[in-house]
Amino acid sequence: MSEPLTFADARTLADQGDIGRFIKHHMAEARRAAAHRRGLVLRYPDLAAQLTRRPIGFTAPEHWNGHIPPATDCVGAMNTARCRPALLALVAEADRRLHQPAETASTLEEAA
């Protein structure tokens, strides 16, 4: 994770005329990361179905845009949203499944 942007950093970016480019770059990165997480979870129907259950609670899995609330708010206080750990767990499980060796995956399916 990168260091948080300080007020001095923001002032320097603004003085150099780079603040707009900086914001656009990071917004594009956030959209790409969210789209990746969304696609990763939605590829597994059982994980996608969990998006509609508590504590997440979307009305349909497709309504999730891939966003995960940040760990802290703008003043550094811990985010206590109950959906955050659930979303992190879903993404981690989807990523684990994606990177699971093929022979292990087939063995698990046969055992089930």
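Before going into details, it helps to say that this report is about the structure given with it. (Residues numbered from 1 in each chain as written. Predicted model: local features only at pLDDT ≥ 70, side-chain atom pairs only at ≥ 80, totals over all residues. Heavy atoms only, no water.)

In terms of helices and strands, the chain carries five helices and zero strands. A total of 112 residues make up the chain; the buried ones form 20% of that total. Summarising the internal contacts of the chain: among those between residues at least 6 apart in sequence, 48% fall at separations of at least 24. A total of about 8,300 Å² of accessible surface is found on the chain, and carbon and sulfur atoms cover 58% of it. (Helix = DSSP H or I, 4+ residues; strand = E, 2+ residues; numbered from the N terminus. Buried < 20%, exposed > 50% of the residue type's maximum accessible area, 1.4 Å probe, protein only. Contact = heavy atoms within 4.5 Å. Areas by Shrake-Rupley, 256 points an atom, 1.4 Å probe, with all protein chains shown as cover.)

Below, the discussion takes up helix α2 (residues 19-42). A rise of 1.5 Å per residue sets the reference length of α2, with its 24 residues, at 34 Å; its end C-alpha atoms lie 34 Å apart and thus fit the reference within 8%. Buried within α2 we find A28, A34, L40 and V41. Those residues of α2 hidden inside the fold are in contact with α3 (45-50) and α4 (83-98). (Expected span 1.5 Å × (residues − 1).)

The next subject is the pattern of salt bridges. A full pass over the atoms with the stated rule returns five salt bridges. Across the pair R97 and D46 runs a salt bridge whose closest N-O atoms are separated by 2.7 Å. On the criterion of sequence distance, the pair formed by R97 in helix α4 and D46 in helix α3 is long-range, its members being 51 residues apart. Classification of R97 by relative accessible area gives partly exposed; the value is 24%. One salt bridge connects E93 with R97, and the closest N-O pair in it is separated by 2.8 Å. Residue E93 and its partner R97 are both found in helix α4; the two are separated by four residues, about one turn of the helix. Classification of E93 as partly exposed rests on a relative accessible area of 22%. Overlapping salt bridges, with partners in common, bring together D46, E93, R96 and R97 in one network. (Salt bridge = Lys/Arg side-chain N within 4 Å of Asp/Glu carboxyl O.)

Here we come to unusual backbone geometry. The omega torsion across R54 and P55 is 10°, close enough to zero to call that bond cis. Position of P55 among the secondary structure elements: in the loop between α3 and α4.

Looking now at the environment of A71. Inspection of the secondary structure assignment puts A71 in the loop between α3 and α4. Given the relative accessible area of 39%, A71 is considered partly exposed. Sequence separation between A71 and P85 is 14 residues; the distance between their C-alpha atoms is 9.5 Å. Once you skip the residues sitting within four places of it in the chain, A71 turns out to touch A77, M78, N79 and R84.

The biggest cluster of nonpolar side chains holds twelve residues, and these are L40, V41, Y44, L47, L51, I56, W64, I68, L87, L90, V91 and A94. Elements with a minimum of two residues in this core: α2 and α4. Considering each element in turn, this core owes the most residues, four residues, to α4. (Core = buried A, V, L, I, M, F, W, Y, C linked by side-chain atoms within 4.5 Å.)

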